Amino acid sequence: MEQQTLALATEADFTLVALFFRASFIVQLVMVALIVASVWVWTIAFTKFAMFRRSRGNASAFDSAFWSGEPLDELYDQVADNPRSASERVFVAGMTEWRRSLRDDGALIPGVQQRVDRSMDVAIARESQRMTNGLNFLATTGATAPFVGLFGTVWGIMRSFQEIAISGQTSLAVVAPGIAEALLATGLGLLAAIPAVILYNKLSSDADEIVGTFESFADEFSTLLSRQLD
């Protein structure tokens, strides 16, 4: 009996591929969903890292142009038709409202300061939404993936117990493959959840930092316009 048990344990294939194909359809479906979620998490992360890098570079370049001493009307004429960065879009939103508030006689329509501020706030809100778009998926994956993996594990263990009851054998060599298949689902759930939580925290912090630079720029620009009004 011991030799038979040892033979079964030796013949069992515990590679990840073998465990996947030996699992039941429900457990396989859970594993595939977790693998897809993990791949999508990293796709979003790399996309956001590249976006944030470009945003920082473009913001730095625009700040240099903004504070270079060039007249704001000339800078506006250069970027108004095709603003390439978030900072330029915020600037264009404010300057567009400023120009719309100019009368033919050169006077300003009352309340221009408030309208300019609101226009830039709306532009910043759009950029913030663009920055954080997709991060909710990371948060959702980080919160639910362990439980999805646990569901696959519970389902796989139930199936293993059913097979044990049918076969009447309770040796470790018989139980181990089914338990290993079930636990693989939990492992994949953690593999998807842990990076998702870490990346969500990092990217959310970076997005808040970048949006903060837009808000600081809007405040500085609003201060310049208020001097013109005074």
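Structure: above.
What you see is a predicted model, and the numbers here were worked out from it, not measured in a lab.

**Looking at the nonpolar core**
Most often, soluble globular proteins keep nonpolar side chains buried together rather than apart.
Stage number 1. One finds Phe-91 and Phe-221 to be the most contacted residues of the largest nonpolar core, which totals 35 residues.
Stage number 2. Of all the elements in the fold, those that place two or more residues in this core are helix H3 (25-66), helix H4 (72-79), helix H5 (86-100), helix H6 (112-132), helix H7 (135-167) and helix H8 (172-229).
Stage number 3. The leading source of residues in this core is H8, at 11 residues.
Stage number 4. Residues contacting Phe-221, with those up to four places away along its chain left out, are Phe-66, Leu-72, Phe-91, Gly-94, Met-95 and Met-120.
Stage number 5. By size, the runner-up hydrophobic cluster in this structure holds 10 residues, among which are Val-30, Ala-145, Leu-184 and Ala-192.

**Re a nonpolar patch on the surface**
Stage number 1. Judged by side-chain polarity, Phe-147, Leu-150, Val-154 and Met-158 come together as a nonpolar surface patch covering roughly 400 Å² of accessible area.
Stage number 2. Note that Leu-150 resides in helix H7.
Stage number 3. For Leu-150, a relative accessible area of 44% gives the class partly exposed.

**Observations regarding the packing of H3 against H5**
Stage number 1. At their nearest, the axes of H3 and H5 sit 8 Å apart, and the two run at 45° to each other. Taken together, H3 and H5 sit at an angle that is classed as oblique. From H3, Ala-59, Phe-62 and Phe-66 reach across to H5, where they touch Ser-87, Glu-88 and Phe-91.
Stage number 2. For the contact of H3 with H5, a count of residues per class yields four nonpolar, one polar and one charged.

**Describing H4**
Stage number 1. Restricting attention to buried positions, one finds in H4 the residues Leu-75, Tyr-76 and Val-79. Along the long axis of H4, the arc covered by the buried residues comes to 100°, so they all point the same way.

**What about a negative patch on the surface?**
Stage number 1. Side chains of Asp-63, Asp-121, Glu-215, Asp-219 and Glu-220 sit close together on the surface and give a patch of like negative charge.
Stage number 2. When residues of the negative patch are assigned to their parent elements, the largest contribution, three residues, is made by H8.
Stage number 3. Secondary-structure assignment places Asp-219 in helix H8.
Stage number 4. For Asp-219, a relative accessible area of 53% puts it in the exposed group.

**Some remarks on the environment of Ser-160**
Stage number 1. As for its placement among the helices and strands, Ser-160 is situated in helix H7.
Stage number 2. Expressed as a C-alpha distance, the spacing of Ser-160 and Ser-24, which sit 136 residues apart in the sequence, is 9.9 Å.

**Some thoughts on the pattern of salt bridges**
Opposite charge on two side chains permits pairing when their charged atoms draw close.
Stage number 1. A complete count under the given rule lists five salt bridges for this structure.
Stage number 2. When the shortest N-O distance is used, the salt bridge between Arg-56 and Asp-206 registers 3.7 Å. You can see Arg-56 sitting in helix H3 and its partner Asp-206 sitting in helix H8, a full 150 residues away along the chain.
Stage number 3. Residue Asp-206 is classed as buried on the basis of its relative accessible area, which comes to 7%.
Stage number 4. Here Asp-206 and Lys-202 are joined by a salt bridge, their closest N and O atoms 3.4 Å apart. Highlighted residues: Asp-206 and Lys-202, both in helix H8, separated by four residues, approximately one helical turn.
Stage number 5. Via salt bridges that share partners, Arg-56, Lys-202 and Asp-206 belong to a single interconnected network.

The rules behind the values
- Residues numbered from 1 in each chain as written.
- Predicted model: local features only at pLDDT ≥ 70, side-chain atom pairs only at ≥ 80, totals over all residues.
- Heavy atoms only, no water.
- Core = buried A, V, L, I, M, F, W, Y, C linked by side-chain atoms within 4.5 Å.
- Buried < 20%, exposed > 50% of the residue type's maximum accessible area, 1.4 Å probe, protein only.
- Helix = DSSP H or I, 4+ residues; strand = E, 2+ residues; numbered from the N terminus.
- Contact = heavy atoms within 4.5 Å.
- Patch = residues over 30% accessible without salt bridge, like charges linked within 9 Å, V, L, I, M, F, W, Y side chains within 5 Å.
- Areas by Shrake-Rupley, 256 points an atom, 1.4 Å probe, with all protein chains shown as cover.
- Salt bridge = Lys/Arg side-chain N within 4 Å of Asp/Glu carboxyl O.
- Axes fitted to C-alpha atoms, helices over the stretch in contact; angles between N-to-C directions.
- Parallel < 35°, antiparallel > 145°, perpendicular 65-115°, else oblique.
- Nonpolar A, V, L, I, M, F, W, Y, C, P; charged D, E, K, R; others polar.
- Arc of directions from axis to C-beta.
- Lys, Arg positive; Asp, Glu negative; His and termini not counted.
- Charge placed at Lys NZ, Arg CZ, Asp CG, Glu CD.

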